[in-house]
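Understanding the architecture of this molecule
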Amino acid sequence: MTLGTGRASRPGRQSRAHDGLVRYLREAGVLTSDWAGAFRAVPRAWFLPDLFWAYDMETGHSRFHSRSADPGGWERAAYDDVPLVVQWDDGRHTGDEPGRMGTSSATMPSVMAAMLGDLDVADGMRALEIGTGTGWNAGLLAHRLGAGNVVSVEIDPAVAVRATGALRRAGLGPGAVEVAEGDGGAGRPGRAPYDRVIVTAGARAISPHWLEQTRPGGIILAPWGTHYSNQDALVRLTVGPDGRASGPFLRMVEFMKLRDQRLDWSRFRDHVEEFPGDAEVSRTSVTLADLGGRYATSSFAVGLCVPDCAHVVNRSPDGTAKAWFLDLRSRSWAAVVFGGDTGLGTETPFGAVHQSGPRRLWDEVAAALTWWNDRGRPALSRFGLTVERDGRTRPWLDDPSDVLPSAVPRR
């Protein structure tokens, strides 16, 4: 989608492209009336670097844009409803081509608008943002909540400096927004308590510090998921008087992960030296499609029911695929070979299962899929999460008392 044309905007002037984005978000129903003024007053382009890569969610390709080389193309991309990668490989990347891994971005505007609506703020509230990025979200919060009520934490020093400069040029700092350099998991205790905490990176753990620094009745909004997949689901947690937090999942999203919560796949490098080795072999009637795709609730539900398990599917040009399941706490693993010669002497759409180690990961995955089907294939909106004061999590279905089955306790 392309919205309008025009030269790059600077503070004090707005463009047709900016107006088009605001109009689009309003017509799409993701920008509520109480946030429309902030979006009109604080354009996205003010917070973008001269170089960025527009990310296509469907193809996974990233297209380079330079403001100096093509101001019009840069401006159009700045106001497209797509995420923009502004840093690769933790800042080590150079050149026009995409790097190996995107590590800082400008969130897709429709996702940001919807999240700010979910935050349910009121004038004068104090907000903590985890993951400053470009600073645009902090700028929107500052315009909405007032000077001095927004604190944002960014782990990357260069990103923090760039965001601070953008906020200052936009007239929103210093003084209006405090950008603190550091680990977002620690929050910002010196400015606590907060009425709202918003996390703008994918989390695999809810920090106990976020709970401690949020007022009773306050809200923590975070993209959360398990290491089972790259999926994130937006969870809206309300902090109770006892310091615990609980709330529902709202919808699937996809964010770059918090740096200290990324999954290091190299940890599994020595798990399988000669596949399948001495693994036990069996057959399954579960198909590859049953495991679910990128935004499938079935896959997310399995991750909730099978904790401490990483999952990846390797597809081959010949049409075969191998689904891996790797234990995060031991050397247990499972692999299911789909298609072609499964090793069981027949070609079948079903899979040949190989399992090794004390934990039978595939048995747990198959049991979780059975549970999800037996419960009527519940949608994501029926799931929720309770977080204890020490950060332990308990996923549930429909009600916090209906805790999901799992083989081992989650932390």
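Right, let's walk through the structure included here.

Cut-off values and rules
Residues numbered from 1 in each chain as written. Predicted model: local features only at pLDDT ≥ 70, side-chain atom pairs only at ≥ 80, totals over all residues. Heavy atoms only, no water. Salt bridge = Lys/Arg side-chain N within 4 Å of Asp/Glu carboxyl O. Helix = DSSP H or I, 4+ residues; strand = E, 2+ residues; numbered from the N terminus. Buried < 20%, exposed > 50% of the residue type's maximum accessible area, 1.4 Å probe, protein only. Axes fitted to C-alpha atoms, helices over the stretch in contact; angles between N-to-C directions. Parallel < 35°, antiparallel > 145°, perpendicular 65-115°, else oblique. Left-handed = near helix turned anticlockwise from the far one by under 90°. Contact = heavy atoms within 4.5 Å. Nonpolar A, V, L, I, M, F, W, Y, C, P; charged D, E, K, R; others polar. Phe/Tyr/Trp six-rings, centres within 6.5 Å; stacked < 30°, edge-to-face > 60°.

Glancing now at the pattern of salt bridges. Applying the stated criterion across every chain, the model contains 25 salt bridges. In this structure, the salt-bridge partner of Arg-144 is Asp-123, at a minimum N-O distance of 2.6 Å. Taken together, the positions of Arg-144 in helix H5 (residues 136-145) and Asp-123 in the loop between helix H4 (109-119) and strand S5 (127-130) put the pair 21 residues apart, joining distant regions of the chain. Looking at Arg-144, the relative accessible area reads 16%, which means it is buried. Of the charged contacts, one joins Arg-188 and Glu-178 as a salt bridge, the two residues approaching to 2.6 Å between their closest N and O atoms. Residue Arg-188 is found in the loop between strand S7 (177-181) and strand S8 (194-199), and its partner Glu-178 is found in strand S7; the two are separated by ten residues along the sequence. Given the relative accessible area of 32%, Arg-188 is considered partly exposed. One salt-bridge network, in which partners are shared between bridges, spans Asp-90, Arg-92, Asp-156, Arg-259 and Arg-262.

Here the bond from Ala-192 into Pro-193 is cis, since omega is 5°, no more than 30 degrees from zero. Considering the arrangement of structural elements, one finds Pro-193 in the loop between S7 and S8. Across the junction of Phe-275 and Pro-276, the peptide omega takes the value 0°, indicating a cis bond. Positive phi values are uncommon outside glycine, yet Asp-120 reaches one of about 55°. A residue is classified by how much of its surface remains accessible, and Asp-120, at 45% relative accessible area, is partly exposed. At Asp-308, a position not held by glycine, the phi torsion is positive, near 60°. Along the polypeptide, Asp-308 turns up in the loop between helix H8 (297-305) and strand S13 (309-315). The exposure class of Asp-308 is buried, given its relative accessible area of 12%.

Let us look at the packing of helix H2 (residues 33-41) against H5. Closest axis-to-axis distance for the H2/H5 pair is 9 Å, and the angle between their directions is 125°. Between H2 and H5, the angle is such that the two are oblique. Taken as a pair, H2 and H5 cross one another with a handedness that is right-handed. On H5, the residues touching Asp-34, Trp-35, Gly-37, Ala-38, Phe-39 and Ala-41 of H2 are Trp-136, Leu-140, Leu-141, His-143 and Arg-144. Among the residues making up the contact of H2 with H5, the classes are represented as seven nonpolar, two polar and two charged.

Here the focus is the packing of aromatic side chains. Ring pairs (aromatic) are described by centroid distance and by the angle formed between their planes. According to the stated counting rule, one finds 13 aromatic pairs in the structure shown. Seen from their ring centres, Trp-53 and Phe-64 are 5.3 Å apart, and the 50° between their planes marks the pair as tilted. With Trp-53 in strand S1 (residues 51-55) and Phe-64 in strand S2 (residues 62-66), this residue pair connects regions lying eleven residues apart in the sequence. Under the relative-accessibility criterion, Trp-53 is labelled buried at 5%.

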